[in-house]
Amino acid sequence: MSRLFMFEKPLGMRDTLPELYETKHSVRTAISEVMKQWGYQFIETPTLEYYETVGAASAILDQQLFKLLDQQGHTLVLRPDMTAPIARVAASKLLKEDLPLRLGYSANVFRAQQREGGRPAEFEQIGVECIGDHTISADGESIALLVDSLTETGLEKFELSVGHIGFVKEFFIDILGTEERVKALTTFLYEKNYVGYREHVKQLTLSSIDKQRLLDFLKLRGGEEVIDCAVKLLENGKGKNALLELKQLWEILTDYGQAGTKVKLDLTLVSHMSYYTGILFEVYADQVGFPIASGGRYDMLLKKFGKDTGATGFAIRLDRLLEALGKMESNEPLQCILFSSERRKEAIALAVQKRKEGMKVVLQDINGVTDIDACTKNYDDIVMLVGNAGKEPAQ
């Protein structure tokens, strides 16, 4: 074995040590229980998928896919997200059932990094997909469920921004005329490079009125009043239907008690996921420079798997959520029973009893310990069973 690689990991890969594993498990459990309460059923999909199906449908850049060949020469990919695999399952096996489908998942996904820069190549997503529902109520449910899920973990300071990719595309194409020019401008929005956006607009060959419309577009962030401001920027009615959908969504979120509190409108919001077709959203939290969750409507994705139906959903990035939550204290005490060989049976019986009562218990033979203080410092409670078998255990 080469010493160079003995302790190294592939670029972007991480080890999860016990304390972090327990924290992840606790947060994952809290979120999944909320999702189940809302009627979502969890499923699993393979880690490996065919490149020609899920790989091509995933909307992740080709250079970020981990590819390999099977024995038959087919190109496979490590799944880069969970939306495309679930769309495959729904289209092939589940859409024969009564609609809509409410599916949940918790799984690792893989995206190659050319330069790590602190970005993982393997990370866990937990999320839901509502498939077969074209209504804005389904979008409202996804957003409300996401807020509830994050709140259940104990996260307090976060904001969910809602936009509409249909509005952005129609508004831009009406002014700019070509998809190429639209793509160039939306890249600045995705990178949140608003200075670059303004400079780009100033250099465009447009009327001063249209340039001002594009600059005023950056102001479309806030509460319900943003929709009225957006209407004033429109010409020829392009983008009006998208704004009507956002208005309906705001009313739904008001009924959930979330509009204007955790949820804001941001009509400049775009996504690198090309399959989004309508309402989309993302969540930011204090101390984290990237979205901790995102989602939206993707009504065209199921067509790639032979079904024509609407869908919406979201994914939470568990690693980023944990970063936002910070240090979390465990509320489950860990007890250690130290025993000598002659009291082994008694120690085992005591451990069995305590575990049945729901306690976490470690059994440790004292003959295997050279420094008792060092051995026991990480436990919340110590029980000593040493000496003669008839001796009463210390409490």
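Everything numeric here is computed off the predicted structure, so don't read it as measured data. (Residues numbered from 1 in each chain as written. Predicted model: local features only at pLDDT ≥ 70, side-chain atom pairs only at ≥ 80, totals over all residues. Heavy atoms only, no water.)

### Section: helix α4 (residues 136-152)
With 17 residues, α4 should reach 24 Å at 1.5 Å per residue; the first-to-last C-alpha distance of 24 Å fits that figure. A large share of α4 lies buried, amounting to 13 of its 17 residues. Just downstream of α4 lies glycine 154, where phi reads positive at about 100°. (Helix = DSSP H or I, 4+ residues; strand = E, 2+ residues; numbered from the N terminus. Expected span 1.5 Å × (residues − 1). Buried < 20%, exposed > 50% of the residue type's maximum accessible area, 1.4 Å probe, protein only.)

### Some remarks on the side chain of histidine 164
Inspection of the secondary structure puts histidine 164 in strand β7 (residues 158-164). Side chain to side chain, histidine 164 and glutamate 245 meet in a polar contact 2.8 Å long. Discounting residues that sit within four places of it in the chain, histidine 164 has contacts with Ala242, Glu245, Leu246, Thr277, Gly278, Ile279 and Leu280. (Polar contact = N/O pair within 3.5 Å; in protein donor to acceptor, adjacent residues only side chain to side chain. Contact = heavy atoms within 4.5 Å.)

### Examining the nonpolar core
Ranked by internal contacts, the top residues of the largest apolar core, which has 101 residues, are Phe172 and Leu214. Not counting residues within four places of it along the chain, the set of residues in contact with phenylalanine 172 comprises Gly177, Val182, Leu185, Thr186, Leu189, Tyr197, Leu214 and Phe217. Ranked by size, the runner-up nonpolar core spans 8 residues in total, among them Phe339, Leu350, Val383 and Leu385. (Core = buried A, V, L, I, M, F, W, Y, C linked by side-chain atoms within 4.5 Å.)

### A short note on the sheet that holds strand β15 (residues 381-385)
Taken in spatial order, the 3 strands make up an open sheet running β14-β13-β15, and their pairing is parallel. Taken across any chain shown, the strands that pair with only one partner, and hence form the sheet edges, are β14 (360-365) and β15. Between one strand and the next, the sheet's axes are offset by a mean angle of 20°, whatever the strand orientation. Of the pairings in the sheet, the one linking strand β13 (residues 334-339) to β14 comprises 6 bridges and is parallel in character. Note on β14: the bridge partner recorded for leucine 338 is glutamine 364. Together, β13, β14 and β15 form the strand contacts of helix α12 (residues 344-356), whose direction differs from that of β14 by roughly 170°. (Pairing = 2+ DSSP bridges. Axes fitted to C-alpha atoms, helices over the stretch in contact; angles between N-to-C directions.)

### Focus on the sheet that holds strand β11 (residues 293-297)
The 9 strands lie next to each other as β1-β5-β6-β12-β11-β10-β7-β9-β8, forming an open sheet whose pairing is mixed. The open sheet has two free edges, formed respectively by β1 (41-42) and β8 (221-222), since each of these has just one partner strand. Bridge count between strand β10 (residues 279-285) and β11: 4 bridges; the pairing is antiparallel. In the sheet register, phenylalanine 281 faces β11, and the bridge partner there is glycine 295. Against the sheet, helix α3 (residues 83-94) engages β5 (101-110) and β6 (122-131), with an angle of about 140° to β5.

### Some details on the confidence of the model for the chain
In the predicted model, the chain carries a mean pLDDT of 89, and the fraction of residues at 70 or more is 94%. pLDDT under 50 marks residues 390-395. Its contacts with residues more than four places away, or in other chains, come to 10 contacts. (pLDDT = per-residue confidence, 0-100.)

### Regarding the packing of aromatic side chains
Tallied over the full model, the rule gives 8 aromatic pairs. Taking 5.3 Å as the distance between ring centres and 80° as the angle between the ring planes, the aromatic pair formed by tyrosine 275 and tyrosine 276 counts as edge-to-face. Of the two residues, tyrosine 275 and tyrosine 276, neither departs from the other in class, the shared state being buried. Ring centres of tyrosine 275 and tyrosine 298 lie 5.8 Å apart, and the angle between their planes is 55°; this geometry places the pair in the tilted category. (Phe/Tyr/Trp six-rings, centres within 6.5 Å; stacked < 30°, edge-to-face > 60°.)

### Here's the deal with the pairing of strand β9 (residues 263-266)
Bridge analysis of β7 against β9 gives 3 bridges, and the strand direction is parallel. Each bridged residue has a counterpart across the sheet, and for serine 161 the counterpart in β9 is lysine 264. Taken together, the 2 bridges between β8 and β9 define a ladder with antiparallel strand orientation. Bridging from a neighbouring strand, arginine 221 pairs with aspartate 266 of β9.

### Considering the environment of leucine 363
Note on placement: leucine 363 falls in strand β14. Measuring from C-alpha to C-alpha, the distance between leucine 363 and methionine 35 comes to 36 Å, with 328 residues separating the pair along the chain. Other than its neighbours up to four places away in sequence, leucine 363 contacts Ile337, Phe339, Ala347, Ile348, Ala351 and Arg355.

### Section: the pattern of salt bridges
Pairing is possible between side chains of opposite charge, provided their charged atoms come close. Under the definition given, this model contains 19 salt bridges. Of the charged contacts in the structure, one is a salt bridge between glutamate 22 and lysine 360, with a shortest N-O distance of 3.9 Å. Of this pair, glutamate 22 sits in helix α1 (residues 18-37) while lysine 360 is found in strand β14, placing the two residues 338 residues apart along the sequence. Classification of lysine 360 by relative accessible area gives partly exposed; the value is 33%. Counted as one network, the salt bridges with shared partners bring together Asp174, Asp210, Arg213 and Glu235. (Salt bridge = Lys/Arg side-chain N within 4 Å of Asp/Glu carboxyl O.)

### Digging into the side chain of threonine 83
By the element assignment, threonine 83 lies in helix α3. On the basis of relative accessibility, which here comes to 10%, the residue threonine 83 falls in the buried class.

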